Amino acid sequence: MERSYISDYFRLIRWENLLFLGILIWVLEKWVCAPVLVADGFYEVLPWWFIALLIGASVCIAAGGYVINDYFDIKIDRINRAEKLIVTQTVSKDQAMVLYRIMTCVGIGLGLVASWIVRSWPMAVIFIFVPGLLWFYSSAYKRQLFLGNLIIALTSALPPFLVALANIGWLNHHFAIIMPYLSLSRDLIYWMSGFSLFAFLMTWIREIVKDLQDQAGDREFECHTLPIVLGELWTKIILTALILTTAGLLSYCCFAVLPFPHTWDSLSTRYLVFGLLVPLACEIVLLWAAKIASDYRHAQLLMKFIMFIGVLFAFVIARTL
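Trainee: Tell me what's going on with the overall build of the chain, and back it up with residues and numbers.
Mentor: Along the backbone of the chain there are 14 helices and 0 strands. Counting from the amino terminus, the chain carries its helices and strands in the arrangement α-α-α-α-α-α-α-α-α-α-α-α-α-α. In terms of principal-axis extent, the alpha carbons of the chain reach across some 60 × 45 × 35 Å. A burial count over the chain gives 51% of its 321 residues as buried. A separation of at least 24 residues holds for 77% of the contacts in the chain among residues at least 6 apart in sequence.

Trainee: So, the packing of helix α5 (residues 93-118) against helix α6 (residues 121-139): which residues are in play, and what are the values?
Mentor: When two helices pack together, you describe them by how their axes are tilted relative to each other and by the distance separating the axes. Direction vectors running N to C along α5 and α6 enclose 165 degrees, while the axes themselves pass 7 Å from each other. Here α6 runs roughly antiparallel to α5, going by the angle between their axes. Crossing of α5 against α6: the hand is right-handed. Contact residues: Met97, Tyr100, Thr104, Ile108, Gly111, Leu112, Ala114, Ser115 and Val118 in α5; Met123, Ala124, Phe127, Ile128, Pro131 and Trp135 in α6. Looking at the contact of α5 with α6 residue by residue, the classes come out as 12 nonpolar, 3 polar and no charged.

Trainee: Any chance you could break down the packing of aromatic side chains for me, citing the residues and the numbers?
Mentor: Aromatic ring pairs: the centre-centre distance and the angle between the two ring planes describe each pair. Under the criterion given, the structure shown has 13 aromatic pairs. Look at tyrosine 190 and tryptophan 191: their rings are 5.6 Å apart centre to centre, the planes differ by 80 degrees, and that puts the pair in the edge-to-face class. For tyrosine 190, a relative accessible area of 39% puts it in the partly exposed group. In this structure tryptophan 191 comes out as buried when scored by relative accessible area, which is 9%. An aromatic cluster is present here, built from Tyr71, Phe72, Tyr100 and Trp135 joined pairwise through their rings. Residue placement shows lysine 93 over the ring face of tyrosine 71; its charged tip is 5.2 Å from the ring centre. The aromatic ring of tryptophan 116 is capped on one face by arginine 119, whose charged end is 4.5 Å from the ring centroid.

Trainee: Can you explain the environment of leucine 21? Please cite residues and give values.
Mentor: Here leucine 21 shows up in helix α2 (residues 15-39). Not counting chain neighbours up to four residues away, the residues in contact with leucine 21 comprise Ser58, Val59, Ala62 and Pro159.

Trainee: Run through α2, naming residues and quoting values.
Mentor: Look at α2: 35 Å from first C-alpha to last across 25 residues, which is about the 36 Å you get at 1.5 Å a residue. Roughly 30 degrees is the biggest bend found in α2, and it falls at glutamate 29. Glycine 41 sits one or two residues past α2 and shows a positive phi near 90 degrees.

Trainee: I'd like to hear about the pattern of salt bridges, residue by residue, with values.
Mentor: A pair can form between side chains of opposite charge whenever their charged atoms are brought close. Scanning all chains against the criterion turns up 3 salt bridges. The closest approach of N and O atoms between aspartate 8 and arginine 11, which form a salt bridge, is 2.6 Å. In this pair, aspartate 8 and arginine 11 are both assigned in helix α1 (residues 3-12), 3 residues apart and thus about one turn of the helix distant. Look at arginine 11 and you get partly exposed, because its relative accessible area is 35%.

Trainee: Describe the nonpolar core, and please don't skip the residues or the numbers.
Mentor: Among the nonpolar cores identified, the biggest contains 94 residues, and Val32, Phe50, Met123, Met192 and Leu287 are the most heavily contacted of them. If near-sequence neighbours (up to four positions away) are discounted, methionine 123 is found in contact with Leu54, Ala114, Ser115, Val118, Leu162, Leu165 and Ala166.

Trainee: Explain the side chain of threonine 235 residue by residue, including any values.
Mentor: Mapped onto the fold, threonine 235 is located in helix α11 (residues 232-257). Exposure remark for threonine 235: the relative accessible area of 0% places this residue in the buried category. The residues touching threonine 235, leaving out its near neighbours within four places in the chain, are Ile208, Leu212, Leu226 and Pro227.

Trainee: I'd like a rundown of the side chain of asparagine 69, residues and numbers included.
Mentor: Along the chain, asparagine 69 falls in helix α3 (residues 48-72). The class for asparagine 69 is buried, based on a relative accessible area of 13%. Setting aside its immediate chain neighbours within four residues, asparagine 69 contacts Arg14, Tyr137, Ser138 and Lys142.

Trainee: Talk me through a nonpolar patch on the surface; I want residue IDs and the actual numbers.
Mentor: On the surface, Leu145, Phe146, Leu150, Val229, Leu230, Leu233, Trp234, Ile237 and Trp288 cluster together into a nonpolar patch covering about 780 Å² of accessible area. Only α10 (226-230) and α11 provide two or more residues apiece to the nonpolar patch. Here the element with the most residues in the nonpolar patch is α11; it accounts for 3 residues. Along the chain, the position of isoleucine 237 falls in helix α11. With a relative accessible area of 34%, isoleucine 237 lands in the partly exposed category.

What counts as what
- Residues numbered from 1 in each chain as written.
- Predicted model: local features only at pLDDT ≥ 70, side-chain atom pairs only at ≥ 80, totals over all residues.
- Heavy atoms only, no water.
- Helix = DSSP H or I, 4+ residues; strand = E, 2+ residues; numbered from the N terminus.
- Buried < 20%, exposed > 50% of the residue type's maximum accessible area, 1.4 Å probe, protein only.
- Contact = heavy atoms within 4.5 Å.
- Axes fitted to C-alpha atoms, helices over the stretch in contact; angles between N-to-C directions.
- Parallel < 35°, antiparallel > 145°, perpendicular 65-115°, else oblique.
- Left-handed = near helix turned anticlockwise from the far one by under 90°.
- Nonpolar A, V, L, I, M, F, W, Y, C, P; charged D, E, K, R; others polar.
- Phe/Tyr/Trp six-rings, centres within 6.5 Å; stacked < 30°, edge-to-face > 60°.
- Lys NZ or Arg CZ within 6 Å of the ring centre and 35° of its normal.
- Expected span 1.5 Å × (residues − 1).
- Bend = angle between axes of the 7 residues up to and from the residue.
- Salt bridge = Lys/Arg side-chain N within 4 Å of Asp/Glu carboxyl O.
- Core = buried A, V, L, I, M, F, W, Y, C linked by side-chain atoms within 4.5 Å.
- Patch = residues over 30% accessible without salt bridge, like charges linked within 9 Å, V, L, I, M, F, W, Y side chains within 5 Å.
- Areas by Shrake-Rupley, 256 points an atom, 1.4 Å probe, with all protein chains shown as cover.

Listed below in structure tokens is the structure:
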């Protein structure tokens, strides 16, 4: 098998996004959940093999979602990104469908095993529900106004909750006494909810930016995305409102909710301002200056960077708790 052929398979499953997902789960466990447990006097954290199992399940399901998305988007991608088209070029439709089934089945299987180990039915429901949601998104929902963007944003918000549910299930199962851990469970859900909300909003914004980038192909196949239905001007206005809302929520959480020092020279404040708020302001500037697809691609790449920086805020939590 030629190297270029192998690399196309890695491109098809979006290996860089899968790497980010794996890092996200590991960081949330090691830099958020573990410090929260230690701060509350518990040292029973998830073992490395269970974290690997959780990452493997999430990564496989996400990989299957990327494959089936490209499978259904062949015609649109011939217009929007013909130079990056893989399915029907180096990977046949049949091979793509086989890969989708393998990755999805392995992901569901690993997810159900992880759910059984910690006796968490909510985790099992997520691992069964998400693959079906990704299938319907790729086949139909992504072409509908708002719905497609919201589905992807929702699935992006689930990994932090998976980490919280895994820790709660692990403690409850291994200690078999639920009541003493109710406050701890609330703490874990509290922290993970913040990261989930951030992932939801940032993914929602990024998906709308992608719609701006992909207008040519989407219009050809009568997709009902925001730029096509409302136009670029109103889409940019909505994006600006979402970005400002995100910036406002981040500021509120940092200064009014999180138990951190609130002085201007504190690590959390500097991280918020220079790591998140300034890049978000740059994102608004890029959006309003964008004219062609490549301009929107730069704006989309900046969103990826902001999401990565947002995940690394977990380091500030680990240093503070």
